[in-house]
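Given next are the chains, with one letter for each unit.
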Amino acid sequence: MNNKRLTMRVLAAMLRYPDADFRAAVPELRTALETESSLPKQRLVELDALLRQLQTMDAFEAEGRFVDTFDRGRATSLHLFEHVHGDSRDRGPAMVDLGQMYERAGLLLGSDELPDHLSVVLEFASTQPEKVAREFLGEMAHILNAVFSALRERENPYASVIAAVLELAGQKVQALPVVPDQDMDEAWAEPPAFDGCSTRGQASPDTPQPIQIVRSRKTVTASQGAPL
């Protein structure tokens, strides 16, 4: 049995977009945290303060802060595989494997949910025996500490939510060196015309360009019995 199930679900809710439905549910979320008391007292105080703040602050301000916090850079992204795989091809298969694990456990995701989002991860963990949930969350402690550190450096109150996840996993909450995010303008910059194919790894026109010669493969037609 998972004696921290309600707390995990409250944290999952706090890591979702703070829309009107969320704000209406804040009293129940506060009660659940207090009733279960699965976290250190100081952490409960911090989470309660954040919940009350989200309930009372201007809706556009709360929603805007959430977007600015979690959707404006990789350092604080709630999509865990983004920290591991970035934009590489490995992310797709990892997402499929995680989604299939959820399905085997009876957790079906909505069309707008991705399996590596921390709120979804917490929902899954809440359905598992406590030991299994702790081990599962503990596997991502290094990512969570990195996100916590980035939020803490910005003095963002959501740092307390990430710290609470680490504490539920039985992990030490610790500040790590923060690697600055690449400037978004630089990341999306178009290279100057005729000045190389990208902003990285490509020489300028007056610089020798490496050429890789690859042996061509003879095309096999369908009539020869091989796939196109």
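Above this text sits the structure in question.
Now for a description of the structure that goes with this document. The shown structure was predicted, so the numbers you read here are calculated from the model rather than taken from an experiment.

**Focus: the overall build of the protein**
So, step 1. Along its length, the protein carries 11 helices and zero strands.
So, step 2. Overall, the protein shows an N-to-C arrangement of helices and strands of α-α-α-α-α-α-α-α-α-α-α.
So, step 3. Across the 228 residues of the protein, 38% fall into the buried class.
So, step 4. Intrachain contacts of the protein at a sequence separation of at least 6 include 61% that bridge at least 24 residues.
So, step 5. Total accessible area on the protein is roughly 14,300 Å²; 52% of this is exposed by carbon and sulfur atoms.

**Quick word on the packing of helix α1 (residues 5-14) against helix α7 (residues 118-126)**
So, step 1. Where α1 contacts α7, the axes come no closer than 8 Å and their chain directions differ by 165 degrees. One way to sum up the angle between α1 and α7 is to call them roughly antiparallel. Where α1 crosses over α7, the two elements pack in a sense that is left-handed. Along the contact surface, α1 presents Arg 5, Met 8, Arg 9, Leu 11 and Ala 12, while α7 presents Ser 119, Leu 122, Glu 123, Ala 125 and Ser 126.

**Some remarks on the packing of helix α2 (residues 20-36) against helix α3 (residues 41-56)**
So, step 1. In the contact formed by α2 and α3, the axes pass within 9 Å of each other and the chain directions differ by 165 degrees. Judged by the inter-axis angle, α2 sits roughly antiparallel to α3. The handedness of the crossing between α2 and α3 is left-handed. Contacts between α2 and α3 pair Phe 22, Arg 23, Val 26, Pro 27, Leu 29, Arg 30 and Leu 33 from the former with Leu 44, Leu 47, Asp 48, Leu 51, Arg 52, Leu 54 and Gln 55 from the latter.
So, step 2. The residue makeup of the contact of α2 with α3, split by class, is nine nonpolar, one polar and four charged.

**A short note on the environment of Tyr 102**
So, step 1. Relative to the helices and strands, Tyr 102 is located in helix α6 (residues 91-104).
So, step 2. Tyr 102 sits in the buried class, given a relative accessible area of 0%.
So, step 3. Note: C-alpha distance between Tyr 102 and Glu 123 (21 residues apart in sequence) is 10.0 Å.
So, step 4. Once you skip the residues sitting within four places of it in the chain, Tyr 102 turns out to touch Leu 107, Leu 109, Pro 115, Val 120, Val 121, Phe 124 and Phe 136.
So, step 5. Of the polar contacts made by the side chain of Tyr 102, one reaches the backbone oxygen of Pro 115; its length is 2.9 Å.

**Quick notes on the side chain of Ser 160**
So, step 1. Relative to the helices and strands, Ser 160 resides in helix α10 (residues 159-168).
So, step 2. In this structure Ser 160 comes out as buried when scored by relative accessible area, which is 12%.
So, step 3. Not counting residues up to four positions away in its chain, the partners in contact with Ser 160 are Arg 43, Glu 46 and Leu 47.

**Brief notes about the packing of aromatic side chains**
So, step 1. What the rule picks out here adds up to six aromatic pairs.
So, step 2. An angle of 85 degrees between the planes, with centres 6.1 Å apart, marks the rings of Tyr 17 and Phe 66 as edge-to-face. One end of the pair, Tyr 17, is in the loop between α1 and α2; the other, Phe 66, is in helix α4 (residues 59-70), and 49 residues separate them in sequence.
So, step 3. The class of Tyr 17 is partly exposed, set by a relative accessible area of 40%.
So, step 4. Relative accessible area serves as the criterion here: at 6%, Phe 66 is assigned to the buried category.
So, step 5. Considering the side-chain rings of Phe 66 and Tyr 158, the 6.0 Å spacing of their centres and the 75 degrees angle between planes classify their relative orientation as edge-to-face. Placement of Phe 66 in helix α4 and of Tyr 158 in the loop between α9 (141-153) and α10 is noted, with a sequence separation of 92 residues between them.
So, step 6. Residue classification places Tyr 158 among the buried positions, given a relative accessible area of 0%.
So, step 7. Connected via pairs of aromatic rings, a cluster forms that spans Tyr 17, Phe 66, Phe 70 and Tyr 158.

**Section: the pattern of salt bridges**
So, step 1. Summed over all chains, the structure comprises 12 salt bridges.
So, step 2. Of the charged contacts, one joins Glu 123 and Arg 9 as a salt bridge, the two residues approaching to 3.9 Å between their closest N and O atoms. Residue Glu 123 is found in helix α7, and its partner Arg 9 is found in helix α1; the two are separated by 114 residues along the sequence.
So, step 3. Accessibility expressed as a relative area gives 21% for Glu 123, which makes it partly exposed.
So, step 4. On the accessibility criterion, Arg 9 (32% relative accessible area) is partly exposed.
So, step 5. Residues Glu 123 and Arg 16 are paired through a salt bridge, measuring 3.5 Å at the closest nitrogen-oxygen approach. Taken together, the positions of Glu 123 in helix α7 and Arg 16 in the loop between α1 and α2 put the pair 107 residues apart, joining distant regions of the chain.
So, step 6. Among the ionic contacts, a cluster of salt bridges with common partners joins Arg 9, Arg 16, Glu 113 and Glu 123.

Conventions used here
- Residues numbered from 1 in each chain as written.
- Predicted model: local features only at pLDDT ≥ 70, side-chain atom pairs only at ≥ 80, totals over all residues.
- Heavy atoms only, no water.
- Helix = DSSP H or I, 4+ residues; strand = E, 2+ residues; numbered from the N terminus.
- Buried < 20%, exposed > 50% of the residue type's maximum accessible area, 1.4 Å probe, protein only.
- Contact = heavy atoms within 4.5 Å.
- Areas by Shrake-Rupley, 256 points an atom, 1.4 Å probe, with all protein chains shown as cover.
- Axes fitted to C-alpha atoms, helices over the stretch in contact; angles between N-to-C directions.
- Parallel < 35°, antiparallel > 145°, perpendicular 65-115°, else oblique.
- Left-handed = near helix turned anticlockwise from the far one by under 90°.
- Nonpolar A, V, L, I, M, F, W, Y, C, P; charged D, E, K, R; others polar.
- Polar contact = N/O pair within 3.5 Å; in protein donor to acceptor, adjacent residues only side chain to side chain.
- Phe/Tyr/Trp six-rings, centres within 6.5 Å; stacked < 30°, edge-to-face > 60°.
- Salt bridge = Lys/Arg side-chain N within 4 Å of Asp/Glu carboxyl O.

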